[in-house]
Amino acid sequence: MKGYPLFLCLFSMSCWLNLMPTAGNKIFHFGPCRISMSVTEIRSGFTAIKTNIQARDPIRTLSILSYPHSLHKVKSANRCCIARRLINFYMDKVFKHCQTEDSYVNRKISSIANSFLSMKRNLGQCHKQNKCLCGQESTKKFKQILANYERLNVTSAAMKSLGELDIFLDWMEKSA
Ligand SMILES: *[C@@H]1O[C@H](CO)[C@@H](O)[C@H](O)[C@H]1NC(C)=O
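Residues numbered from 1 in each chain as written. Predicted model: local features only at pLDDT ≥ 70, side-chain atom pairs only at ≥ 80, totals over all residues. Heavy atoms only, no water.

Undergrad: For this particular structure, what's the right way to read the overall build of the chain?
TA: Helices and strands together make up the secondary structure of the chain, namely eight helices and two strands. Each helix (α) and strand (β) of the chain, taken in turn from the N terminus, gives the series α-α-β-β-α-α-α-α-α-α. Split by element, the accessible area of the chain, about 10,000 Å² in all, is 57% carbon and sulfur. (Helix = DSSP H or I, 4+ residues; strand = E, 2+ residues; numbered from the N terminus. Areas by Shrake-Rupley, 256 points an atom, 1.4 Å probe, with all protein chains shown as cover.)

Below, the structure written as structure tokens:
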């Protein structure tokens with residue numbers, strides 16, 4: 001039944017949404033992995049809470065994503081691996097520790113988390129197809145990010161990482 005998955009896909013809305021560039025979506029090239037997604041939507045959700053989130057992070061002497069040049073000049077072949085690891089990082093170590101007393105902020109965070117979940121699925125597909133290989137560079141850069149994260153307690157590290165989401169979004173948009 002070779003045609004079966006395609007057949008299913010034709011009748012499954014979510015599958016179509018993953019394959020077809022829908023309104024606001026762009027095709028991103030992470031090395032050999034191509035995915036369609038809308039960073040604009042994540043960006044606007046984040047912009048709405050950015051000031052609020054950054055005000056919860058008083059530590060100015062440290063950065064999680066931008067030290068030392070963690071995301072600069074990643075070779076094309078390593079971009080999928082870094083994107084995938086960072087998305088998993090945000091899912092496992094950031095969003096769930098960013099609950100606030102403000103339900104508006106929490107709603108925005110969970111909508112960003114939902115967008116991340118669909119990117120995670122798409123990148124997971126690339127990973128299964130061996131299009132998301134992790135070279136030394138990506139392993140080294142991701143280790144540095146984790147080391148930065150681990151210098152703070154879970155709550156502070158999560159707020160700081162969320163406050164730096166722009167850095168990751170900027171980086172992803174360079175792959176479009
Ligand atoms: C985490 O660190 C921050 C800043 O150093 C501190 O204000 C906060 O109380 C700490 N939280 C916990 C749960 O240790």
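Undergrad: Just checking my understanding: could you explain the layout of surface pockets for this structure?
TA: To find leftover empty space, a probe the size of one water molecule is rolled over the atoms. Of the pockets and cavities examined, the second largest pocket occupies roughly 170 Å³. The dominant element in the lining of the second largest pocket, judged by the number of residues it contributes, is helix α8 (residues 165-173), at three residues. Within the lining of the second largest pocket, the residues separate by chemical class into five nonpolar, four polar and four charged. (1 Å grid on protein atoms, 1.4 Å probe; cavity = no way out; pocket = protein on both sides within 12 Å on 5 of 7 lines; lining within 4 Å. Points joined across faces, edges and corners; volume = space filled by probe spheres on them. Nonpolar A, V, L, I, M, F, W, Y, C, P; charged D, E, K, R; others polar.)

Undergrad: So what exactly am I meant to see when it comes to unusual backbone geometry here?
TA: Negative phi is the rule for most residues except glycine; trans is the rule for most peptide bonds. Of note in the backbone geometry, Asn130 takes a positive phi value of approximately 60 degrees without being a glycine. When you line up the elements, Asn130 lands in the loop between α5 (103-128) and α6 (136-150).

Undergrad: Could you clarify how one ought to interpret the pattern of salt bridges in this entry?
TA: Pairing between side chains of opposite charge can happen when the charged atoms of each approach one another. For the structure on display, the rule yields six salt bridges. For Arg43, the salt bridge is made with Glu173, and the minimal N-O distance between the two is 2.8 Å. Of this pair, Arg43 sits in helix α3 (residues 39-55) while Glu173 sits in helix α8; the two residues are 130 residues apart in sequence, bridging distant segments of the chain. Relative accessible area serves as the criterion here: at 19%, Arg43 is assigned to the buried category. Glu173 gets classed as partly exposed once you look at its relative accessible area, which sits at 29%. (Salt bridge = Lys/Arg side-chain N within 4 Å of Asp/Glu carboxyl O. Buried < 20%, exposed > 50% of the residue type's maximum accessible area, 1.4 Å probe, protein only.)

Undergrad: What exactly am I supposed to notice about the state of the cysteines here?
TA: Working definition of a disulfide: a covalent bond connecting the sulfur atoms of two cysteines. In this structure the tally under the stated criterion is three disulfides. Note that Cys80 is cross-linked by a disulfide to Cys132, the S-S spacing being 2.1 Å. When the S-S torsion is -90 degrees, as for the bridge of Cys80 with Cys132, the disulfide is left-handed. Of this pair, Cys80 sits in helix α4 (residues 76-94) while Cys132 sits in the loop between α5 and α6; the two residues are 52 residues apart in sequence, bridging distant segments of the chain. On the basis of relative accessibility, which here comes to 0%, the residue Cys80 falls in the buried class. Classification of Cys132 as buried rests on a relative accessible area of 2%. With a sulfur-sulfur separation of 2.1 Å, Cys81 is cross-linked through a disulfide to Cys134. As the torsion about the S-S bond is roughly 100 degrees, the Cys81-Cys134 disulfide counts as right-handed. Of this pair, Cys81 sits in helix α4 while Cys134 sits in the loop between α5 and α6, and the two are 53 residues apart along the sequence. (Disulfide = S-S within 2.5 Å.)

These values are about where atoms sit, not about what they do.
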